[in-house]
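These are the residues of each chain, in order.
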Amino acid sequence: MTHPLVSVIVPVYQCRDTVGGALESVFAQSLPAEQVQVIAVDDGSTDGGGELLDELARAHDRLTVVHQPNSGGAGAPRNRGLELATGTFVFFLDADDRLGPEALERMTAMAERNGTDIVLGKQVGTGGRKSPKVFDRSIERTHVLDPDCDLFGRMSMAALQLFRRSLVERAGLRFTEGLVAHEDQLFTAGAYLNADGVSVLADYDCYYWAAREDGSSATQGAGAPPADLYTVIGQAMRQVAEHTEPGETRERLNRRYLRLEVFGRLDRLYLDSSPDDQKVTLAGCRELLEEWYTPAQRELAHPLHRVIGHCVLHGLDDELVEVLRFRRGGTRPRLHLEDGRAYLKYPFFRDAAVRIPDECFATSAPLVVLPALTRLAWGDDALLVGGTVVVRDVDEGTPVVRLLLENADGDRRPVECETVAASADEGVEASFTAAVGPEAASLPDGLWTLHVEVALSGHVRTVPLVRPRDLPLPRAALAGARVLRPAQARRGEPLALEAGAALTSADFADVEVGWGPGRRVRVLADAPPVLGDGPAMRVVLHHADGETTVRAALEAAPDDPSRLRADLSLAGARPGRWRARFAVDGVGDPVAVRLASEDGGVLGPVTASLAPPRRVHVRMDRRTATVHVTAPLASLAKRARRLLPGGGAKPE
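Residues numbered from 1 in each chain as written. Predicted model: local features only at pLDDT ≥ 70, side-chain atom pairs only at ≥ 80, totals over all residues. Heavy atoms only, no water.

So, about the layout of surface pockets. A water-sized probe, rolled over the atoms, reveals where empty space remains. When its volume is computed, the second largest pocket comes out at roughly 520 Å³. Pro-303, Leu-344, Ala-362, Thr-363 and Ser-364 are the residues nearest the centre of the second largest pocket, which is lined by 30 residues in total. The greatest single-element share of the lining of the second largest pocket, amounting to 5 residues, is contributed by helix α12 (residues 303-313). Considered class by class, the residues forming the lining of the second largest pocket number 14 nonpolar, 8 polar and 8 charged. (1 Å grid on protein atoms, 1.4 Å probe; cavity = no way out; pocket = protein on both sides within 12 Å on 5 of 7 lines; lining within 4 Å. Points joined across faces, edges and corners; volume = space filled by probe spheres on them. Helix = DSSP H or I, 4+ residues; strand = E, 2+ residues; numbered from the N terminus. Nonpolar A, V, L, I, M, F, W, Y, C, P; charged D, E, K, R; others polar.)

A few words now on the pairing of strand β22 (residues 496-499). Across 4 bridges, the pairing between strand β18 (residues 446-456) and β22 is antiparallel. Across the sheet, Gly-446 pairs through a bridge with Ala-499, a residue of β22. Sheet topology note: the strand β21 (residues 482-487)/β22 ladder contains 4 bridges and is antiparallel. The residue of β22 that forms the bridge with Leu-484 is Ala-499. (Pairing = 2+ DSSP bridges.)

Once that is clear, we can look at the confidence of the model for the protein. For the protein, per-residue confidence averages 91 on the pLDDT scale, and 94% of positions sit at 70 or higher. For the stretch residues 213-222, pLDDT sits under 50, and the model shows 13 contacts to residues farther than four places along the chain or on other chains. (pLDDT = per-residue confidence, 0-100. Contact = heavy atoms within 4.5 Å.)

This next bit is on the environment of Asp-589. Here Asp-589 is to be found in the loop between β30 (576-584) and β31 (591-592). Measuring from C-alpha to C-alpha, the distance between Asp-589 and Thr-504 comes to 9.4 Å, with 85 residues separating the pair along the chain.

Now for the packing of aromatic side chains. Scanning all chains against the criterion turns up 12 aromatic pairs. Residues Phe-91 and Tyr-207 carry aromatic rings whose centres are separated by 6.0 Å and whose planes lie at 40° to one another, so their mutual orientation is tilted. Highlighted residues: Phe-91 in strand β4 (residues 89-92) and Tyr-207 in strand β9 (residues 198-210), separated in sequence by 116 residues. The buried category is assigned to Tyr-207, whose relative accessible area is 1%. Considering the side-chain rings of Phe-152 and Tyr-257, the 6.0 Å spacing of their centres and the 75° angle between planes classify their relative orientation as edge-to-face. Of this pair, Phe-152 sits in helix α5 (residues 151-154) while Tyr-257 sits in helix α9 (residues 248-269), placing them 105 residues apart in sequence. This pair shows no difference in class: Phe-152 is buried, exactly as Tyr-257 is. An aromatic cluster of three or more residues is present, and its members are Phe-92, Phe-163, Phe-175 and Phe-187. A cation over an aromatic ring shows up here: Arg-78 above the ring of Phe-175, its NZ or CZ 5.2 Å from the ring centre. (Phe/Tyr/Trp six-rings, centres within 6.5 Å; stacked < 30°, edge-to-face > 60°. Buried < 20%, exposed > 50% of the residue type's maximum accessible area, 1.4 Å probe, protein only. Lys NZ or Arg CZ within 6 Å of the ring centre and 35° of its normal.)

What follows is the structure, encoded as structure tokens:
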């Protein structure tokens, strides 16, 4: 085999239990066997792993095994593998991981399709290992120096990827030898900086990245000794500088190293380190910060990192320990608001003895406002909207709350609230009540979502209101000749008010149909609430001929003013079927009178009038009230004609 498509390099040390599975995942690749070269470099294993490799090599002629004395890390065996590799591409596989069956075929195809030098195939963590968050979508071609590329800051620098071998040789890339971890930092970063394009394959699980059960892998622990680590990171940041001009791109790439290797390692490891390692760590971090912690980096850093950075640069070692202990304790820092600015109150905020600048504590993150809707009902000629808001982590000041109605065009209509301050463990709290009254009649048609606008110490935050599951959604109301209907499309979505909605039968609740004085048909209903002076409402009976109607006003019932009633006289009415409908002046078409119960049935019949004689009964079909009027004399005459000789047939 002289010219394979891809050479897979596997460094092996004390991995007898897993290396067989790793190599089998290579032998099982969907690429033709002759296109895959496999190189396993035993780095002085003492667990029988070297002997196992020799056995596997006798069974697989594609496997080349190299033995060498232990070098103290994966760098030297990987470099030895590179010396033997002849493939167009090289791929580095750790001995306790494995490949998906089509990984090499898919990655090499992507590289050849796009002419890219690197393919980062989707990595899946197993055994509790977390994988990098860069696989939300596939990217055919990009470059870390492109302005819109965020790959450098999100990816792992582990060299578990596909590299074009000509890139490796052209850029003179090799792994740092003798390090138990971080040996691939300079190799991988150098490859990305020198590459002619990078691809990300996110739609196939290419690499299964294992965490050892005992947590003994280099990347699961503290990694390389601090002195070696910060030497490598310093070289990596200078490597970035060699490929970039001063400015945004360099700052973006170096932000990765400051965030992870300076602030992140201090946050994660410093308190548990030995005094000697702490001393070396502080020296290494201080050197990196002095060279690369620019004003632009300070501005974009998290306030915690700014405070840590200030302590490191100014020799505040004891203060650094207290800040890190506060962080480890898990307590969220409280917020201090002042003149439109916000500060996270980490230890030593405005401590005159320590004198850490306010800018270190400043945050641009928006206030966290937690609204809770507790009241939503019609009353006092308005939709009453009430609840509470908590401004989290703030312990001073009183929030001022307004209700905002906003439509799809961004038009906003404010509604002032009555606000009462209260205290809360999470922050400052205020209860609010707003009344959306008759003025809502002027809202243009459409959905208006409900938000609360919270102002506190020069900060303004607007958040949507969401109706909790146990709070009923009120029915529609009338504002002038407009229907206003509270609405919520789906659970969890903002509450809305639909202006200009259509009237429905359900807007008339608890409907009853019976008999009133004078043998009239009586209709009782809870009509839609009315804001201010509302339109006239009535019950209308429509004859089947489509032209004849009987009307009666819906008015407050004397014995129960909360309900409306209408009494419809059918004395002398035209025989036939009459449909009952509710009508509101100026508001769309009349809607059917429907009962609350599913039960059907018949009311009556009763005599509606004697001259002319009329009999009336009301049928409840499909929850719709239908009035039937008959003329008894006409019916008798019709029956008499049938009894005459000839059955009432017409003479010839």
